[in-house]
Each structure stands twice: as C-alpha cells, then as structure tokens.
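A look at the structure
Below, each chain spelled out in residue letters.
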Amino acid sequence: MSAKEKGMLIVISGPAGSGKGTVVKLLREMIPELGFSVSATTRAPRPGEEDGVQYYFMSRDDFEEALTRGEILEHTVYCGNYYGTPKAEAERVLNAGQDLILEIETDGAMQIKRLYPEAVTVMLIPPDADTLEARLRGRGTETDDVIRTRLNRAREEIALSGKYDYIVVNEDNGADRCAADIAGILKAEHHRPCRMHGVTDNFFN
C-alpha cells in the first residue's frame, strides 16, 4: 500500500497538565474524519471510565503476553502501570486510508518514530513550569508527592521536545487555538512531496 493510500500517523505527547486530552478532543471535533486508537493500560479504571472507551483495561499478565506476541505497537511504563497501543487497531485505521492520531507518552512516541519515520510528532507543553504546577495542583486530586513525581517526569519529557517535529504551547484558556494550530500542521503535512505521490509523476502524459 502506498504512502498516499495509507493514512498519516500523528503522535501527540505532553506532560500531565499540558492539556493534551482536551486539545485532542477539540482536534477530533475540528477534523471528524481523524481516526483514534484506544490505548491499553494495566491501571485500574477511574470512576466513569469504560473498557474500550477511554482505555482497554488489561491485567499485567495479559499485557505482557501481548507484548511477547508483538501485539503492542508501542508501550511505556508510567507510575508503575503499562500503557500501550494495540497494533491491530492502529493498522486497521491506517490501512483504511484514515489518518490516525495517537495521544501517547514520549517513550512510545520515540518507538513510533523508529517504526514509522514519516509519522508526524507534536509535543504539547504549557507556557512555563509555574503554570504546569498550578494546573496540577488545581486538580485537587493528587498528593504533594504525586505532584512532585509528575513535575520531575514533565522535566524529562520536555527535555525530549527537540526530537519532535513540532512544539505547540498550550496557553491558559488557549485549547481551541492550540487545536487549530495542530490542525494547520496536519493540513500542511499532507502537502509534503512524500505524501503527494502520483500528483506530478505523469503530469504531461
């Protein structure tokens, strides 16, 4: 299947508090035809979460068996739990010619970039460290220890931003503009020569 026939793979990463969940939701509303792959995790469901909607909730043994069988496209361990993308679901979307957006951690993003060098990677970050900490504390659901862990993790994640194709800053109350910026990136990416196979090949024939 040619690059034109296959969908484009888009990876969005960002530390906790970057607002990536909200931005991805808005982006999917702006571009309804975007495919979305539900990730798998070994963490317990939170109130209101449903299996197959927010995540596929798996036992640790089942996840590790899926890894051994090569059924997980990318994965990472975060706060003691596995997170990963089921390979079959991702390939189903891409092979149908539909663009696929993955909202994943930096570990997984680097794995994807090695497997799919043509993938478009976007790092979403808050405007500064103070804003990030304020957002985490504003949730009111996490202890100081957890917040410190998340801030340390954020430092590690943002340090990898130079390996991404794009960095987008999500200002406070700026999720709509942030999603629009990413939509513009995706539109431009579709016009790269590597994704325009056949357009000029036989232009004068």
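All values reported here derive from a predicted model rather than from experimental measurement. (Residues numbered from 1 in each chain as written. Predicted model: local features only at pLDDT ≥ 70, side-chain atom pairs only at ≥ 80, totals over all residues. Heavy atoms only, no water.)

To continue, consider the overall build of the chain. Check the secondary structure of the chain and you find seven helices and nine strands. Scaling as 2.2 N^0.38, a compact globule of 205 residues should have a C-alpha radius of gyration of about 17 Å, and the chain matches this with 18 Å. The C-alpha extent of the chain, read off along each of the three principal axes, is 65 × 40 × 30 Å. For the chain, the proportion of contacts with a sequence separation of at least 24, taken over those separated by at least 6, is 67%. (Helix = DSSP H or I, 4+ residues; strand = E, 2+ residues; numbered from the N terminus. Rg over C-alpha atoms; globule rule 2.2 N^0.38 Å. Contact = heavy atoms within 4.5 Å.)

Next up on the list: the nonpolar core. Within the largest apolar cluster, 21 residues are counted, with the highest numbers of intra-cluster contacts made by I10, I12, V23, L27, V168, I182 and L186. When contributions to this core are tallied by element, the ones reaching two or more residues are β1 (9-13), α1 (20-30), β8 (120-125) and α7 (175-189). With seven residues, the top contributor of residues to this core is α7. (Core = buried A, V, L, I, M, F, W, Y, C linked by side-chain atoms within 4.5 Å. Buried < 20%, exposed > 50% of the residue type's maximum accessible area, 1.4 Å probe, protein only.)

Time to look at helix α4 (residues 106-115). For α4, the full list of buried residues reads T106, G108, A109, M110, Q111 and I112. Its buried side turned inward, α4 meets β1, β5 (72-78), β7 (100-103), β8 and α6 (144-158).

Another point: the sheet that holds strand β2 (residues 35-36). A sheet is described by the order of its strands in space; here five strands give the open sequence β2-β7-β1-β8-β9, paired in parallel fashion. The sheet is open, and its two edges are formed by β2 and β9 (166-169), each paired on a single side. Packing against the sheet, helix α3 (residues 87-95) makes contact with β1, β2 and β7, and its axis sits at approximately 150° to β7. (Pairing = 2+ DSSP bridges. Axes fitted to C-alpha atoms, helices over the stretch in contact; angles between N-to-C directions.)

Evaluation of the coordinates by the stated rule reveals 15 salt bridges. Across the salt bridge formed by R69 and E71, the nearest N and O atoms sit 2.8 Å from each other. The exposure class assigned to E71 is partly exposed, which follows from its relative accessible area of 36%. We note a salt bridge from R135 to D172, for which the minimum N-O separation is 2.8 Å. Residue R135 is located in helix α5 (residues 129-138), and its partner D172 is located in the loop between β9 and α7; the two are separated by 37 residues in the primary sequence. (Salt bridge = Lys/Arg side-chain N within 4 Å of Asp/Glu carboxyl O.)

This part is about the packing of α1 against α7. Packing of α1 against α7 brings their axes to within 9 Å, and their N-to-C directions diverge by 60°. In terms of orientation, α1 lies oblique with respect to α7. Two packed elements cross with a definite hand, and for α1 against α7 that hand is right-handed. Contacts between α1 and α7 involve T22, V23, L26, L27 and M30 from the first element and A175, D176, C178, A179, A180, I182, A183 and L186 from the second. For the contact of α1 with α7, the class distribution of residues is 11 nonpolar, one polar and one charged. (Parallel < 35°, antiparallel > 145°, perpendicular 65-115°, else oblique. Left-handed = near helix turned anticlockwise from the far one by under 90°. Nonpolar A, V, L, I, M, F, W, Y, C, P; charged D, E, K, R; others polar.)

So, about the environment of D128. You can see D128 is positioned in the loop between β8 and α5. Classification of D128 as partly exposed rests on a relative accessible area of 38%. Along the sequence, D128 and L34 sit 94 residues apart, while their C-alpha atoms lie 30 Å from each other. Among the polar contacts made by the side chain of D128, one reaches the main-chain amide nitrogen of T131 at a distance of 2.7 Å. (Polar contact = N/O pair within 3.5 Å; in protein donor to acceptor, adjacent residues only side chain to side chain.)

Mapped onto the secondary structure, L102 falls in strand β7. With relative accessibility at 1%, the residue L102 sits in the buried group. Expressed as a C-alpha distance, the spacing of L102 and R153, which sit 51 residues apart in the sequence, is 20 Å. Setting aside residues no more than four positions away along its own chain, L102 makes contact with L9, I10, V11, I12, S37, T85 and I112.

Let us look at the packing of α5 against α6. The N-to-C vectors of α5 and α6 enclose an angle of 145°; their axes lie 10 Å apart at closest approach. Classified by chirality, the crossing of α6 by α5 is right-handed. Note on element contacts: α6 touches α5 through D144, I147, R150, L151 and A154, opposite L132, E133, L136 and R137. Broken down by class, the residue content of the contact of α5 with α6 amounts to five nonpolar, no polar and four charged.

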